[in-house]
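These are the residues of each chain, in order.
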Amino acid sequence: MMLVQNKKIAIIGGGPGGLTLARLLQLKGCEVKVYERDADQNVRQQGATLDLHEESGLKALIAAGLLDEFKKHYRPDADKLRLTDHNAVVHFDDHANKVEAEPNGASFRPEIDRGPFRDLLIASLAKDTIVWNSKFVSLQAKDDGWDVLFENGETVYADLVVAADGANSKIRKYITPIAPVYSGLTIIEGNIYNAASNAPNLWKLARGGKIFALGQEKSIILSTKGDGSLSFYTGTRETEDWIKTSNINFDHKEDVWNWFKERFADWSDEWHELFASDESYFVPRPQYHFPADQQWESLPNLTMIGDAAHRMPPYAGEGVNMAMLDALEIAEQLTAQDYTGTRTAISKYEMSMLRRAAEITEVTLQSMKNMHSKEALKFLIDTFRLIR
């Protein structure tokens, strides 16, 4: 008999990892609900496009039976990269590569906008799987499971809870007290709507794909999106308390703009177009990661996936891929036939996940360091010439 047969499973968080897990569990006949803090499905999805890798994100998508549906919605040119210096001079251009990746080959690393990807995952679930407007507050032990309390006053019982609530997880503390470590780098995430009109030169420079701009030990990463917007991440070394001490109101464009002009004064004026329009938003994101050697004692009724378990900076493109592979591995363990209890299944998943996360964290931190070094441009040019 399957370990979780006739058990109520609560997934907290409706991002790619949580939704993928729900789909995989439902395919095995499990009783699962996803509790998501967003008011509804129509909330605009922030962030850059998602890059799925064959050995992780795509592997989970195939197991979920969703690859064909995914191919209807991904953007074939979104993975094309242009590498520039701080003066917006192009030094490497994927668009010049005439060899197209095979849709079923090892070089197939497709990109998709977050909104359409979330929509196709939601559409794959049974009706009413997602309970919207469910902002997690706390857990209380009950019988062999948990009462899950939400800000809207609702309380639900679950035999098993899976935390998929992201980098600032409120559930992680019930599993381990291990705190994240500041990486030394802070990102300012921005998004410009109607970019063809509001940032026409940068929109043309991106050519429907991405730009990695490196120089003076700083970075700007641009990503075009199918809705016509242009998302960007600045990368600069700042103190851990910089956001609090800077007195910048990130809801006011002028504050962020004044900071940018000073912090990127040694970059060309081409990048000022990022602040030309009021159709935009800005969010500060100090970059943290968990220690590579983190360990904890597994519980029989609570575990976590994705950034809740192994948050890290985005400089290796592994975040969504790790979360989806987590979903695949925990689903396989929970629905296996050869365990005597859920603690054993969860322990096996967590040991594998932590080993994998340790390796990827080290790779990511090294990539972050290289991209913000004095030789960053040369490093990336050499790297992309080898792998493209």
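Up top is the structure these notes are about.
Residues numbered from 1 in each chain as written. Predicted model: local features only at pLDDT ≥ 70, side-chain atom pairs only at ≥ 80, totals over all residues. Heavy atoms only, no water.

(A) Local environment of the pairing of strand β13 (residues 210-215). The buried fraction of β13 amounts to six of the six residues, a majority that puts the element mostly inside the structure. The alternating pattern of β13 places Lys 210, Phe 212 and Leu 214 and Ile 211, Ala 213 and Gly 215 on opposite faces, both of which are buried. Inspection of the sheet shows strand β4 (residues 81-84) paired to β13 by four bridges, in the parallel sense. Considered in β13, the bridge of Arg 82 is made with Ile 211. Joining the antiparallel neighbours β13 and strand β14 (residues 218-224) is a turn of two residues, in which Gln 216 adopts a positive phi near 55°. (Buried < 20%, exposed > 50% of the residue type's maximum accessible area, 1.4 Å probe, protein only. Helix = DSSP H or I, 4+ residues; strand = E, 2+ residues; numbered from the N terminus. Pairing = 2+ DSSP bridges.)

(B) Local environment of the pattern of salt bridges. Tallied over the entire structure, the rule returns 17 salt bridges. For the salt bridge of Lys 8 with Glu 31, the shortest nitrogen-to-oxygen distance reads 3.0 Å. In this pair, Lys 8 is assigned in strand β1 (residues 8-12) and Glu 31 in strand β2 (residues 31-35), connecting sequence segments 23 residues apart. Residue classification places Lys 8 among the partly exposed residues on the basis of a relative accessible area of 38%. Note that Arg 263 is salt-bridged to Glu 238, the shortest N-O span being 2.9 Å. Highlighted residues: Arg 263 in helix α8 (residues 253-263) and Glu 238 in the loop between β15 (230-237) and α7 (242-245), separated in sequence by 25 residues. Residue classification places Arg 263 among the partly exposed residues on the basis of a relative accessible area of 26%. Residue class for Glu 238 comes out buried when judged on its relative accessible area of 13%. Within this structure, Glu 36, Asp 38 and Arg 118 form a network of salt bridges that share partners. (Salt bridge = Lys/Arg side-chain N within 4 Å of Asp/Glu carboxyl O.)

(C) Quick peek at the sheet that holds strand β10 (residues 155-158). In spatial order, the strands read β8-β9-β10; together these three strands make up an open sheet with antiparallel pairing. Looking at the sheet topology across the chains shown, the edges are occupied by β8 (136-142) and β10. Between one strand and the next, the sheet's axes are offset by a mean angle of 25°, whatever the strand orientation. (Axes fitted to C-alpha atoms, helices over the stretch in contact; angles between N-to-C directions.)

(D) Here's a closer look at the sheet that holds β1. One open sheet holds the five strands; their spatial order is β7-β2-β1-β11-β17, and the pairing between them is parallel. Of all strands in the sheet, those bounded by a partner on one side alone are β7 (130-131) and β17 (302-304). Pairing geometry for strand β11 (residues 160-163) and β17, over three bridges, is parallel. Bridge pairing in β17 places Val 161 opposite Leu 302.

(E) Geometry of the nonpolar core. Counting residues in each nonpolar core, the largest one holds 67 residues, and the members touching the most others are Ile 12, Leu 21, Leu 61, Phe 70, Phe 117 and Val 161. Considering each element in turn, this core owes the most residues, eight residues, to helix α10 (residues 319-334). Sequence-distant contacts of Phe 117, that is, excluding residues within four places in its chain, are made with Pro 16, Leu 50, Leu 52, Leu 61, Phe 70, Ile 112 and Met 324. Ranked by size, the runner-up nonpolar core spans 27 residues in total, among them Ala 199, Ala 213, Ile 220 and Phe 282. (Core = buried A, V, L, I, M, F, W, Y, C linked by side-chain atoms within 4.5 Å. Contact = heavy atoms within 4.5 Å.)

(F) Structural view of helix α1 (residues 16-27). Taking 1.5 Å as the rise per residue, α1 with twelve residues should run 16 Å; its terminal C-alpha atoms sit 17 Å apart, in good agreement. Buried residues dominate α1, accounting for nine of its twelve residues. Those residues of α1 that sit buried are Gly 17, Gly 18, Leu 19, Thr 20, Leu 21, Ala 22, Arg 23, Leu 24 and Leu 25. Just past α1, the residue Gly 29 takes up positive phi, approximately 85°. (Expected span 1.5 Å × (residues − 1).)

(G) Inspection of empty space enclosed by the protein at higher detail. Enumeration according to the criterion identifies one cavity of 30 Å³ or more in this entry. Lining the largest cavity are Phe 290, Pro 291, Ala 292, Gln 294, His 310, Arg 311, Leu 354, Ala 357, Ala 358 and Thr 361. Take the lining of the largest cavity: its biggest share by element is four residues, from helix α11 (residues 342-371). (1 Å grid on protein atoms, 1.4 Å probe; cavity = no way out; pocket = protein on both sides within 12 Å on 5 of 7 lines; lining within 4 Å. Points joined across faces, edges and corners; volume = space filled by probe spheres on them.)

(H) Structural detail: the environment of Leu 50. Here Leu 50 shows up in strand β3 (residues 50-51). Spatially, the C-alpha atoms of Leu 50 and Pro 284 are 20 Å apart, while their sequence positions differ by 234 residues. Beyond its immediate stretch of four places on either side in the chain, Leu 50 contacts Pro 16, Pro 110, Glu 111, Ile 112, Arg 114, Phe 117 and Val 320.

By themselves, these observations are geometric and do not establish any function.
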